[in-house]
Amino acid sequence: MKELVVPAKPEHFDEVLAFVDGELTRIGCEACAQCEILVAVEEIFVNIFSYAYPPKEGDATIRMEIAGNPAVVRIDLIDQGKPYDPLQREDPDITLSAEERKIGGLGIYMVKQSMDNVTYRYENGSNILTLYKTVGKVEQHEA
């Protein structure tokens, strides 16, 4: 399992995406799946630096594992902020216009729709949101 730990700040956004993108590129991940994974990671990392710690600061840990053939990508996004399970939030009613919908919740809804599975747990003082996505047959290239 590969791991990246960065301060949960907007200026580390590119570093997080480069880490995930690099691993997906290394295995020859199909472009559509790669894009969906990057959008999901982007959404969760933005939520971490926006909501987990303010007004204090903390770290975000991204753990990534790719196993099997067809390959399944597993990404844990971890913070030690206040406990919060975004999966408990009610899905937005996407049949309503943007003006009619309640604010918030669309990002995590998109994450849940684009990933095969998304889980949350609070363990040892950490929020752990895990994304799973099957990306098909890939070429394993050692880094």
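Section: the pairing of strand 3 (residues 71-79)
Within a regular strand, side chains alternate between the sheet's two faces.
Working step 1: With seven of nine residues buried, strand 3 lies mostly within the body of the structure.
Working step 2: Where strand 2 (residues 59-67) meets strand 3, eight bridges bridge the pair, whose relative direction is antiparallel. Residue Ile-62 lies in a different strand from strand 3, and its bridge partner there is Leu-77.
Working step 3: Between strand 2 and strand 3, which pair antiparallel in sequence order, lie three residues; one of them, Gly-68, sits at a positive phi of approximately 90 degrees.
Working step 4: In this structure, strand 3 lies alongside strand 5 (residues 126-136), joined through nine bridges in antiparallel fashion. Considered in strand 5, the bridge of Ala-71 is made with Gly-136.

Structural notes on the nonpolar core
Working step 1: The biggest cluster of nonpolar side chains holds 38 residues, and the ones touching the most others in it are Val-20, Ile-37, Val-41, Ile-75 and Leu-131.
Working step 2: At the level of secondary structure, the elements contributing two or more residues to this core comprise strand 1 (2-7), helix 1 (13-26), helix 2 (31-52), strand 2, strand 3, helix 3 (106-114) and strand 5.
Working step 3: It is helix 2 that contributes the most residues to this core, ten residues altogether.
Working step 4: Excluding residues that lie within four positions of it along the chain, Val-41 makes contacts with Val-16, Leu-17, Val-20, Ile-75, Leu-77 and Leu-131.

A closer look at the pattern of salt bridges
Working step 1: Counted according to the given criterion, the structure contains seven salt bridges.
Working step 2: Put simply, Asp-76 and Arg-74 hold a salt bridge, and the shortest N to O gap is 3.2 Å.
Working step 3: Several salt bridges converge on common partners, so that one network encompasses Lys-2, Glu-23 and Arg-26.

Details of the sheet that holds strand 2
Working step 1: Here we have five strands laid out as an open sheet, ordered 1-2-3-5-4, and antiparallel in their pairing. Taken across any chain shown, the strands that pair with only one partner, and hence form the sheet edges, are strand 1 and strand 4 (117-123). Adjacent strand axes in the sheet meet at a mean angle of 15 degrees when their direction is disregarded.
Working step 2: Pairing between strand 1 and strand 2: six bridges, direction antiparallel. Counted as the bridge partner of Lys-2 is Met-64 from strand 2.
Working step 3: Contacts between helix 2 and the sheet are confined to strand 1, strand 2, strand 3 and strand 5, with strand 3 contributing the most and set at about 10 degrees to the helix.

Cut-offs applied
- Residues numbered from 1 in each chain as written.
- Predicted model: local features only at pLDDT ≥ 70, side-chain atom pairs only at ≥ 80, totals over all residues.
- Heavy atoms only, no water.
- Buried < 20%, exposed > 50% of the residue type's maximum accessible area, 1.4 Å probe, protein only.
- Helix = DSSP H or I, 4+ residues; strand = E, 2+ residues; numbered from the N terminus.
- Pairing = 2+ DSSP bridges.
- Core = buried A, V, L, I, M, F, W, Y, C linked by side-chain atoms within 4.5 Å.
- Contact = heavy atoms within 4.5 Å.
- Salt bridge = Lys/Arg side-chain N within 4 Å of Asp/Glu carboxyl O.
- Axes fitted to C-alpha atoms, helices over the stretch in contact; angles between N-to-C directions.

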